[in-house]
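Now for the letters of each chain:
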Amino acid sequence: MMPRLSAHMTVMHAAAQKAAKRLLRDFNEVENLQVSMKGPGDFVSQADLRAEQTLREELEKARPGYAFLMEESGASGSDKWAWRWVVDPLDGTTNFLHGMPHWAISIGLERRLPDGGSEIVAGVVYSPVNNELFWAEKGVGAYVNDKRLRVSARREMHTAVFATGIPFAKASGANRLSFARTLSTLMPQVAGIRRFGSAALDLAWVAAGRYEGYWETGIHPWDITAGMLIVREAGGYATDAEGKDNLANTVVAANPHLHPRLLEIVQDGLSASRG
């Protein structure tokens, strides 16, 4: 049975669903969007910007004192924030702009801890095309719509399917080398490796047991904040490259049986890239 939504989660659901309505209209008319280049293979469109503005307005209206970290507009609000929204208005922009129905809205909520650190306390990853709203709150569990999520129970690498993000044109040479080493080690050991182009959905699908695990380097907080909590609340591990719970530029997520092995292989790949 789905628990009653908290005030925070009610706000996050409503904001994601409002932004999704315009994104779906834009997706159905994707050929008419004006697109500018942020860098090789990294696009920003009117759809991104409109969705981010909608999310900011909805979240700010409900919680006016909270800070923001957003993909397009960056950080805003007090440096001494107690609460912070971490938002990717359109994760999978390249898919979106090519008419591929695999993209999502990601909203995470961080709380400042007394020691100066922070923790992720709530997350939403919404796939409007499929009407799948993945969500979790710390200590409450993870859900897709009203169905409880659990990570896969597979224990053997040879039966496992993993997801990843492939470095593209602007990635550093070290990042590309690390990926190549990790891929070449992992590929012969597993049932398959997928690259679908949305980090937020990759994490949500780990939580749903569709993948056994996911890794990526060169990642950003807005890509993974919500998804990492969803994985953890579904019974999985989602860590940085050192196996810690930090948000960092590398994420390793998997069920409890396979996370140690995936982490070991990713660490070996990173070591190779450092020479």
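A brief structural summary. (Residues numbered from 1 in each chain as written. Predicted model: local features only at pLDDT ≥ 70, side-chain atom pairs only at ≥ 80, totals over all residues. Heavy atoms only, no water.)

### Topic: helix α6 (residues 221-233)
At 3.6 residues per turn, the α-helix brings residues three or four places apart onto the same side.
Then step 1. Its 13 residues place the ends of α6 18 Å apart at the C-alpha level, agreeing with the 18 Å of an ideal helix rising 1.5 Å per residue.
Then step 2. Burial analysis of α6 places 11 of its 13 residues in the buried class, which makes it a mostly covered element.
Then step 3. Trp 222, Asp 223, Ile 224, Thr 225, Ala 226, Gly 227, Met 228, Leu 229, Ile 230, Val 231 and Glu 233 are the residues of α6 that are buried.
Then step 4. Trailing α6 by a residue or two, Gly 235 shows a phi angle of about 95°, which is positive. (Helix = DSSP H or I, 4+ residues; strand = E, 2+ residues; numbered from the N terminus. Expected span 1.5 Å × (residues − 1). Buried < 20%, exposed > 50% of the residue type's maximum accessible area, 1.4 Å probe, protein only.)

### Describing the environment of Ala 248
Then step 1. Position of Ala 248 relative to the elements: it lies in the loop between β14 (237-239) and β15 (250-254).
Then step 2. In this structure, the C-alpha to C-alpha distance between Ala 248 and Ile 224, residues 24 residues apart in sequence, is 9.3 Å.

### Section: the packing of helix α1 (residues 7-28) against helix α2 (residues 46-62)
Then step 1. Running from N to C, α1 and α2 point in directions that differ by 160°, and their axes come no closer than 9 Å. Taken together, the axes of α1 and α2 lie roughly antiparallel to each other. Crossing handedness for the pair α1 and α2: right-handed. On α2, the residues that touch Val 11, Ala 15, Ala 16, Lys 18, Ala 19, Arg 22, Leu 23 and Asp 26 of α1 are Ala 47, Arg 50, Ala 51, Thr 54, Leu 55, Glu 58, Leu 59 and Ala 62.
Then step 2. In the contact of α1 with α2, the residues fall into 10 nonpolar, 1 polar and 5 charged. (Axes fitted to C-alpha atoms, helices over the stretch in contact; angles between N-to-C directions. Parallel < 35°, antiparallel > 145°, perpendicular 65-115°, else oblique. Left-handed = near helix turned anticlockwise from the far one by under 90°. Contact = heavy atoms within 4.5 Å. Nonpolar A, V, L, I, M, F, W, Y, C, P; charged D, E, K, R; others polar.)

### Here we look at the packing of aromatic side chains
Then step 1. Across all of its chains, the model carries 10 aromatic pairs by this definition.
Then step 2. For the ring pair Phe 96 and Trp 103, a centre distance of 4.9 Å and an interplane angle of 75° mean the geometry is edge-to-face. Neither residue differs from the other here; Phe 96 and Trp 103 are each classed as buried.
Then step 3. Measuring from centroid to centroid gives 4.8 Å for Trp 135 and Tyr 143, while their planes differ by 20°, and the two rings are stacked. (Phe/Tyr/Trp six-rings, centres within 6.5 Å; stacked < 30°, edge-to-face > 60°.)

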